[in-house]
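# Examination of the molecular architecture
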Amino acid sequence: MSVPPAVPVPPACSDAVDLAATGERIMVDLAGRGLEPLVVLGRYRYLRAQEPLPVQRHCSLVVLALPGRGSFAFEVDGRVREVSPGQVLCVPPGSVYLTGTTAQARGELTWLIARRRGTREERAAALDRAVSLLADPPMSLVWDVSPETAGDLRRAFDLAAGKRDWLADARLQHVLAALVCDLAATMAAARTPGPGPVHQSITRTLAWIDAHLAEAADAAELATVSGLSTSHFYEAFRQATGTSPKDYLLRRKTDRARAWLEDDPSVTVTEVAHALGFSSSQYFATVFRRYQHCAPSSCRPGGR
């Protein structure tokens, strides 16, 4: 009798950041620079491939990685994501990721780590709102950025790693705040399909999904909302979002559930499950873990 393969256990959720530096890897701690919720800037310039980093999963940290030279492969939630110069990869909180599938590629990679803070009051400031937006990226996780944005990140890193005084801190605050807001705006544009009849149909469908998350809609109903044929709808939807309608719908439901559980300590997990159209709290918990990589109860204040 064959034994079924063991289900991989995701790594423990942790917001600890390795600040260790080498001759080729520099990490800059942003604490105390007036840039909350930004945590750290990092850059490596490898002349040859390195061993891949251990598998990681963060509770509330968003990782933004931009190549300077060379292309890089990341594995995020079991799927390989290729990112090249002129693009940014966004790893949202809760995702299981690996930097380099077989090795960290040679080349230059700069990254920014930010924290999505928990309470509504903490997320009221513009920079926190931008980070919250980045914590909910489009399903592709990779989108194009302008040369100016890439240049701003390099400039921010040089400021952060250079001699520190009040003027350098002020310039760093200005550059990084503008950078994060630009990235958030670019990401928002990337998740919104462009003009045209087909894209307008998908845009209408995405808006309908967000307004009807409590309903148990299937792909056929979503195709009806879009006004496209079923086969055309599937193709257009995947092209616009990078995933299937079912996958997108469950991701949005669990995103909404997580935000609700984090913001409202009085609501129960069962109430959230039923309000979002799940047949039982047990099924909801299973789906929630699949997409958020933690139990619903761990999202409650003090639950981690």
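Residues numbered from 1 in each chain as written. Predicted model: local features only at pLDDT ≥ 70, side-chain atom pairs only at ≥ 80, totals over all residues. Heavy atoms only, no water.

## Considerations on the pattern of salt bridges
Evaluation of the coordinates by the stated rule reveals 12 salt bridges. Among the ionic pairs, D158 bridges to R43, the shortest N-O distance being 3.5 Å. Residue D158 is found in helix α2 (residues 147-161), and its partner R43 is found in strand β2 (residues 38-46); the two are separated by 115 residues along the sequence. R43 gets classed as buried once you look at its relative accessible area, which sits at 8%. (Salt bridge = Lys/Arg side-chain N within 4 Å of Asp/Glu carboxyl O. Helix = DSSP H or I, 4+ residues; strand = E, 2+ residues; numbered from the N terminus. Buried < 20%, exposed > 50% of the residue type's maximum accessible area, 1.4 Å probe, protein only.)

## Focus: the sheet that holds β2
Strand order in the open sheet formed by six strands is β1-β2-β9-β4-β7-β10, with antiparallel pairing between adjacent strands. Because the sheet does not close on itself, it has two edges, and the strands there are β1 (25-29) and β10 (142-144). Adjacent strand axes in the sheet meet at a mean angle of 20° when their direction is disregarded. Pairing of β1 with β2 involves five bridges; the strand directions are antiparallel. Looking across to β2, one finds that V28 is bridged to L41. Lying on the sheet, helix α1 (residues 126-134) is in contact with β2, β4 (61-69), β7 (87-91), β9 (107-115) and β10; it crosses β4 at an angle near 80°. Sheet strands in contact with α2 are β1, β2, β4 and β9, and its direction is about 100° off that of β2. (Pairing = 2+ DSSP bridges. Axes fitted to C-alpha atoms, helices over the stretch in contact; angles between N-to-C directions. Contact = heavy atoms within 4.5 Å.)

## Quick notes on the packing of aromatic side chains
One pass over the full model with this rule turns up nine aromatic pairs. When the centroid spacing of 3.8 Å and the interplanar angle of 15° are considered together, the rings of Y44 and Y46 count as stacked. Each of the two residues, Y44 as well as Y46, counts as buried. Taken together, the aromatic side chains of Y44, Y46, F72 and W111 make up a single cluster linked through ring pairs. Over the ring of F278 we find K253, and its NZ or CZ is 5.7 Å from the ring centre. (Phe/Tyr/Trp six-rings, centres within 6.5 Å; stacked < 30°, edge-to-face > 60°. Lys NZ or Arg CZ within 6 Å of the ring centre and 35° of its normal.)

## Some thoughts on the environment of R290
By the element assignment, R290 lies in helix α9 (residues 281-292). Residues R290 and S95 lie 195 residues apart in sequence; the distance between their C-alpha atoms is 9.8 Å.

## So, the state of the cysteines
Taken as a whole and assessed by the stated rule, the structure comprises one disulfide. With its sulfur 2.2 Å from that of its partner, C13 forms a disulfide with C59. Taken together, the residues span a long stretch of sequence, with C13 in the segment before β1 and C59 in the loop between β3 (56-57) and β4 at a distance of 46 residues. On the basis of relative accessible area, C13 is assigned to the partly exposed category, the value being 30%. By relative accessible area, C59 is classed as buried at 10%. (Disulfide = S-S within 2.5 Å.)

## Observations concerning the nonpolar core
Core analysis: the biggest nonpolar cluster contains 32 residues, and L30, L38, L41, L134 and L176 have the highest contact counts within it. At the level of secondary structure, the elements contributing two or more residues to this core comprise β2, β4, β7, β9, α1, α2 and α3 (166-190). The leading source of residues in this core is α3, at eight residues. Ignoring any residue separated from it by four or fewer positions in sequence, one finds L38 in contact with L30, I113, A114, L127, V131, L176 and V180. Core analysis: the next-biggest nonpolar cluster, separate from the first, contains 30 residues, M139, I209, A217 and C294 among them. (Core = buried A, V, L, I, M, F, W, Y, C linked by side-chain atoms within 4.5 Å.)

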